[in-house]
Amino acid sequence: MTTTTPGAAEVELAIGGMTCASCAARIEKKLNRMDGVEATVNYATEKAKVTYRGEEVSVQDLISTVEATGYTAQEPAPVRPESAPGHGDGDGGRGGAGADDELRPLRERLITAVVLAVPVVAMAMIPALQFEYWQWLSLTLAAPVVTYAAWPFHRAAWTNARHGAATMDTLISVGTSAAFLWSLWALFFGTAGTPGMTHPFELTIARGDGAGNIYLEAAAGVTAFILAGRYFEARSKRKAGAALKALLELGAKDVTVLRADGREQTIPTAELKVGDRFLVRPGEKIATDGVVVEGASAVDASMLTGESVPVEVAVGDGITGATLNVGGRLVVEATRVGADTQLARMAKLVEDAQNGKAAAQRLADRISAVFVPVVIGLALATLGFWLGNGSGLTAAFTAAVAVLIIACPCALGLATPTALMVGTGRGAQLGILIKGPEVLENTRKVDTIVLDKTGTVTTGRMTLLAVHTADSTGEDEVLRLAGALEHSSEHPIAKAVATGAAQKVGELPTPEDFANVAGLGVQGIVEGHAVLVGREKLLAEWEIYLPVELERAKAEAEAAGRTAIAVAWDGEARAVLEVADAVKETSAEAITRLRALGLTPILLTGDNKAVAESVAAEVGIDEVIAEVLPQDKVDVIKRLQAEGRSVAMVGDGVNDAAALAQADLGLAMGTGTDAAIEAGDLTLVRGDLRAAADAIRLSRKTLGTIKTNLFWAFAYNVAALPLAAAGLLNPMIAGAAMAFSSVFVVGNSLRLRGFQAMGN
């Protein structure tokens, strides 16, 4: 998908073959070296967003540069509206069948590695299983693991080597290859192939020539463990584009178009054209952006705008696609369709935010970038030392290869997946879903948390909060009469009044002669009384006016950002009802907990300033940014980031999706829309804001566990390096180092099961 602006063009490329964040960094560096090119490459979404000068560089030049770097590149397939897949690639953001196809090769390699490696490791570690020709069976089983299953590591290592880089793939490839090739030499040219050869279970330190030692279990075991880690990581990473799919699926699939001859025709929304007139019945989604040409209604736009109060629309008013008609029948003339609609533009905002979000580079790769050259250097130095001492070629190669073998840490493959598995499992029990390991690093440095108002700090639904009555009028009587009339209306504010009344006074009477007065309220007969419920203007039409005390109550309610509803019957104003989006009971406590974690809370909302400041004061937030359009929420996050802050964002609506993707850490309320949930890094299942504090605590603790695991995954092996360099390493010490580090990593990860939420 390519767009052109004066003097520049922009293209998005789908990148293939990346195995880690350093691959993305390498591609980005190569592209940015081209004249007139600015590129960002995202490992998580596997896309490159490139701005270039068309007169100097072509798209094919960009693709050729990526391919010369050792990866694949192509323009993503266009979105097919009829199936509404994910935005920007042909498989729906790797969210459906395409995702399964993409994971299948990795899954097949993993299954092969596990099935074949388990007996190899068992025979090497348990002498009782070492029958007469066990070593040859080990070779037969290990060969497909080290060649076929480990092929992605070898391919990535070769690509890295061509560009003078070293990553975890290099370490895995060099270590497993060294172990396998040495075992081949020992079997065919040494004494290891002798029938009846065994590896006794003894941790003795003694110098040998290595001709009787095989390390097939190290090669096969390391491959299986690390493939398992890569597979579970890939499963979480493939969902990066699902937010776009969720956004596109929010729109109406079909629409009833009014033809020139007056007949109604149902067509797919994708076939709508600008100027078409279409019908929207109560309860239906509005198919596309347009202008009302007939009818009046209330439209619930909270999903897109975050505004808690439905918007009254009439002839001449503009409305947005994917919002919900909750009132009367409307005829709308389409003004924007397809990629021009607000929904499509919001999808583009999410995509841009995801592409621009720098993926945290994997800790293992950063360690490997230093560790691999050191180990290779040590192996060469060991080889040179023993050759220089006249110890013979076999002894020298034995020591050098032993250094490479012991440096390949099996536990490294367990370090991240086990901690993540236990941490995410514990999180799921507490209602916290963590998407993947790259999320965790951002939780450590976050210092500002931006909170959406509607549905996050508040309940997201209109609630009856207060009843102010005139003298000699009882509250129960007001609720019974007003609630009965409002119960017959579909308007969300009316439903709030009816629900609140029913909870307080029980069963409501049935009204007579009910009528809806468009834009003003409702009227009817209840228990013999002529009742009016709605705006002050509705009462004025019957020459009924609010007394001073009710006028004061109405003004105070509106000053606090609440909706004031007047109630009158039998020619006299009787009460004012306050309706608003109520603050969740736990929100104030949640803000206190977030502050305790060192975070500065900011309330961000599309609602008016009075509403926002009232809510902020109630929960203890000092900074408020109100009346922000959905597309401007991203700009607010960018501005905070430009000030040097590391920003977390908590939201639940479609209007929050792009901001959640842009933020350094996105926390989505699980009670919200799919688009918000998919765009977030963490999902809070319960919809309780206190879970945001628990999520950040758990993420930080899980990250700390991963770092500890990585340290010990290397430490056990580093401790054995001097033995290897001295030529004193035997297979059991290599196996023991591998086993001890793995046991420690798993045990350390299991400690996360004891994580406790803060007294929910």
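Under an unreviewed UniProt entry, the protein has the name Cation-transporting P-type ATPase B and belongs to Streptomyces scabichelini. Its UniProt record gives the protein a comment under Subcellular location (unreviewed entry), which states: "Cell membrane".

### Observations regarding the packing of helix 4 (residues 134–149) against helix 6 (residues 168–188)
Relative to each other, helix 4 and helix 6 sit at 150°, their axes nearing to 11 Å. Between helix 4 and helix 6, the angle is such that the two are roughly antiparallel. In the crossing of helix 4 with helix 6, the sense of the turn from one axis to the other is left-handed. Counting all contacts with helix 4, which are made through Q135, W136, L139, A142, A143 and V146, the residues of helix 6 involved are T176, F180, L184, L187 and F188. For the contact of helix 4 with helix 6, a count of residues per class yields nine nonpolar, two polar and no charged.

### Focus: the environment of E678
When you line up the elements, E678 lands in helix 24 (residues 674–679). Among the residues examined, E678 registers a relative accessible area of 24% and is labelled partly exposed. Each C-alpha atom, one on E678 and one on G666, is 9.9 Å from the other, the two residues being 12 residues apart in sequence.

### Looking at the sheet that holds strand 22 (residues 572–583)
Read from one edge of the open sheet, six strands run 17-22-21-20-19-18, paired in antiparallel fashion. With partners counted over all chains shown, the strands left at the sheet margins are strand 17 (458–469) and strand 18 (512–517), one partner each. Going from strand to strand, the sheet's axes swing by 20° on average, the running direction of each strand aside. Relative to strand 22, strand 17 runs antiparallel, the two being bridged by eight bridges. Within strand 22, the residue paired with T458 across the bridge is V583. Strands in contact with helix 17 (residues 492–505) are strand 17, strand 21 (563–569) and strand 22; relative to strand 17, the strand with the most contacts, it is inclined by about 65°.

### Observations regarding unusual backbone geometry
If you check the backbone angles, S472 has positive phi at about 70° while not being a glycine. Note that S472 resides in the loop between strand 17 and helix 16 (475–486). The class for S472 is exposed, based on a relative accessible area of 79%. Positioned with a positive phi, D570 is a non-glycine residue whose angle comes to about 55°.

### Describing the packing of aromatic side chains
Under the definition given, this model contains five aromatic pairs. Aromatic side chains W136 and F188 sit 5.3 Å apart centroid to centroid with 75° between the ring planes, which places their arrangement in the edge-to-face category. With W136 in helix 4 and F188 in helix 6, the pair connects residues that are 52 residues apart, well separated along the chain. Grouping aromatic residues by their ring pairs yields a cluster made of F711, W712 and F744.

### Re the sheet that holds strand 25 (residues 647–651)
Think of a sheet as strands paired side by side through backbone hydrogen bonds, with each pair either parallel or antiparallel. Within the open sheet, the seven strands sit side by side as 15-27-26-25-16-23-24. Their pairing is mixed. Edge positions in the open sheet fall to strand 15 (432–434) and strand 24 (623–625), since each of these has one partner strand only. With direction set aside, neighbouring strand axes in the sheet form an average angle of 20°. Sheet analysis places strand 16 (residues 448–452) next to strand 25, joined by four bridges and oriented parallel. The residue bridging I449 from the neighbouring strand is A648, located in strand 25.

### Considerations on helix 19 (residues 548–559)
Spanning 12 residues, helix 19 covers 16 Å between terminal C-alpha atoms, matching the ideal 16 Å at 1.5 Å per step. All of the buried residues in helix 19 are L550, A553, K554 and A557. In an axial view of helix 19, the angular spread of the buried residues amounts to 100°, which keeps them on one side of the axis. Within helix 19, the exposed residues directed more than 90 degrees away from the buried face are V548, E556 and A559. Buried residues along helix 19 sit against strand 17, helix 18 (536–541), strand 21 and strand 22. The positive-phi residue at the C-terminal boundary of helix 19 is G561, with phi of around 85°.

### Re the pattern of salt bridges
One pass over the structure, following the stated rule, counts 26 salt bridges. Taking the shortest distance from any N to any O, the salt bridge between E333 and R277 comes out at 3.3 Å. Placement of E333 in strand 14 (residues 330–336) and of R277 in strand 8 (residues 277–280) is noted, with a sequence separation of 56 residues between them. In this structure E333 comes out as partly exposed when scored by relative accessible area, which is 27%. Judged by relative accessible area, which is 40%, R277 ranks as partly exposed.

### Thoughts on the UniProt feature "transmembrane region" (unreviewed entry) in the protein
Taking the numbering used here, the UniProt-annotated feature "transmembrane region" (unreviewed entry) corresponds to residues 110–127, 133–151, 171–194, 214–232, 367–387, 393–416, 709–726 and 732–750. For residues 110–127, the helix share is 89%, the strand share is 0%, and the end-to-end C-alpha distance is 27 Å. Split by type, residues 133–151 is 89% helix and 0% strand. Its first and last C-alpha atoms lie 27 Å apart.

### Some details on helix 12 (residues 393–406)
With 14 residues, helix 12 should cover 20 Å at 1.5 Å per step; its first-to-last C-alpha distance of 20 Å lies within 8% of that length. Taken across its 14 residues, helix 12 has 10 buried, putting it largely inside the fold. Those residues of helix 12 not exposed but buried are A396, T398, A399, A400, V401, A402, V403, L404, I405 and I406.

### Examining the pairing of strand 9 (residues 289–294)
Of the pairings in the sheet, the one linking strand 9 to strand 14 comprises five bridges and is antiparallel in character. Counterpart to D289 in the pairing with strand 14 is R336. Bridge count for strand 9 against strand 12 (residues 318–319) is two bridges, and the pairing is antiparallel. For V291, the partnering residue across the bridge sits in strand 12 and is G318.

### Some thoughts on the confidence of the model for the protein
Overall, the prediction assigns the protein a mean pLDDT of 81, with 84% of residues at 70 or greater. When the criterion is pLDDT under 50, residues 1–5 qualifies, and its contacts beyond four places in sequence or with other chains add up to 15 contacts. Contacts for the low-pLDDT stretch residues 79–98, under 50 throughout, to residues beyond four places or in other chains number 48 contacts.

About the criteria used
Residues numbered from 1 in each chain as written. Predicted model: local features only at pLDDT ≥ 70, side-chain atom pairs only at ≥ 80, totals over all residues. Heavy atoms only, no water. UniProt positions renumbered as here; feature names shortened; annotations may be inferred. Axes fitted to C-alpha atoms, helices over the stretch in contact; angles between N-to-C directions. Helix = DSSP H or I, 4+ residues; strand = E, 2+ residues; numbered from the N terminus. Parallel < 35°, antiparallel > 145°, perpendicular 65-115°, else oblique. Left-handed = near helix turned anticlockwise from the far one by under 90°. Contact = heavy atoms within 4.5 Å. Nonpolar A, V, L, I, M, F, W, Y, C, P; charged D, E, K, R; others polar. Buried < 20%, exposed > 50% of the residue type's maximum accessible area, 1.4 Å probe, protein only. Pairing = 2+ DSSP bridges. Phe/Tyr/Trp six-rings, centres within 6.5 Å; stacked < 30°, edge-to-face > 60°. Expected span 1.5 Å × (residues − 1). Arc of directions from axis to C-beta. Salt bridge = Lys/Arg side-chain N within 4 Å of Asp/Glu carboxyl O. pLDDT = per-residue confidence, 0-100.

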